[in-house]
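# Reading the structure
Each chain, written out:
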Amino acid sequence: MPVAARCPSCAAPLSETSVLALAPLCTHCGVVITSVGGTLGLTGAYGVSDLTITRRRVEADLAVFREYQEKYRGMKEACIQQLNWGVERYAQLPQSPELLTLKKVPDFWAGLGWGLVAAAIWFVVSYVAAWIFFALYSVFMAITHLRGDVVPWSQAIWIEELNFYCSSGLGCLEPENFIVNMFIYGGCVAFVLGGLFPHFRVRVANGDKPRENARRQKAHEEAVAAALKVAEPLKAAQDHRLRSQIRELESLVKTIGEKEAEVRRLLATH
């Protein structure tokens, strides 16, 4: 019979199974022994010869075995979860940088596209309008000529100017027709620039803020990288401790399981 301890009364050897009981009985002197804080002490002899009381005490020990097995398994799972932590859990990371407020810059190509579409529409409409105006002017001049009406001096100057631009024989969109060309092509350019204006206006309003934000963000990333590098040895040491603790807990669970099985076998034979 394996000896786990000795009786505090007569120093007789106690079996390991006897020590596992909450109130084991010394077979030499007959005293009842209890375990208090890891040390053996004496208790009264109540229920010493009662097998029912002894069996209940052993069954209570089995419940304690199961309780501690669950406790150690939970501690093992907690260690495994902590072992999977990233190095950032051990690092003293710097606070996020305070970035300057920026206005959202409208897309350049979207503005250019809308400007070109508006310019194309303007070109078609103004081109057709110029030819309609030229046709109406031609009809007006023909009627005036046939009727022989006298044109006032102020209108005569205006008609003469218009006649110079629109009846040059080269068409209303030729370079000689300066006013018509400025009206058509100038409007096209105005629409294109108008589509791009919001993009450049917001960029000017933001100024050097994007560059300053990029500098702050880069400095923050460098600080984070340095903090992670410092934390790597800390994680390695903690991982080593956790692995050792996991092995110890596995050993405890195994030992308690073996003791529980042994007590169950002894309990089944009595």
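Since this is a predicted model, take the numbers as computed values, not measurements. (Residues numbered from 1 in each chain as written. Predicted model: local features only at pLDDT ≥ 70, side-chain atom pairs only at ≥ 80, totals over all residues. Heavy atoms only, no water.)

### Concerning the pattern of salt bridges
We apply this condition: What counts as a salt bridge is simple: a side-chain nitrogen of Lys or Arg found within 4 Å of a carboxyl oxygen of Asp or Glu. Helix and strand labels come from DSSP, where a helix needs a run of H or I of at least four residues and a strand needs a run of E of at least two; each type is numbered from the N terminus.
For the structure shown, the criterion picks out 6 salt bridges. Of the charged contacts, one joins Glu212 and Arg216 as a salt bridge, the two residues approaching to 2.9 Å between their closest N and O atoms. Here Glu212 pairs with Arg216, and both are found in helix H6 (residues 209-269), just 4 residues apart, close to one helical turn. In this structure, Lys235 and Asp239 form a salt bridge, with 3.1 Å as the shortest nitrogen-oxygen distance. Taken together, the positions of Lys235 and Asp239, both in helix H6 and 4 residues apart, correspond to about one turn of that helix. Residues joined by salt bridges that share partners form a network here, namely Glu212, Arg215 and Arg216.

### Considerations on the confidence of the model for the chain
Going by this rule: A score between 0 and 100, pLDDT records how confident the predictor is in each residue. Any two residues whose heavy atoms approach within 4.5 Å are treated as being in contact.
Chain-level pLDDT for the chain is 75 on average; 63% of the residues reach the 70-or-more range. Within the chain, the element-level pLDDT minimum falls on strand E4 (residues 39-43), averaging 40, and the maximum on H6, averaging 88. In this model residues 34-48 is a low-confidence stretch, pLDDT under 50, and it forms 33 contacts with partners more than four residues away in sequence or in other chains. Taken as a whole, residues 168-173 scores under 50 in pLDDT and shows 14 contacts with residues more than four places along the chain or in a different chain.

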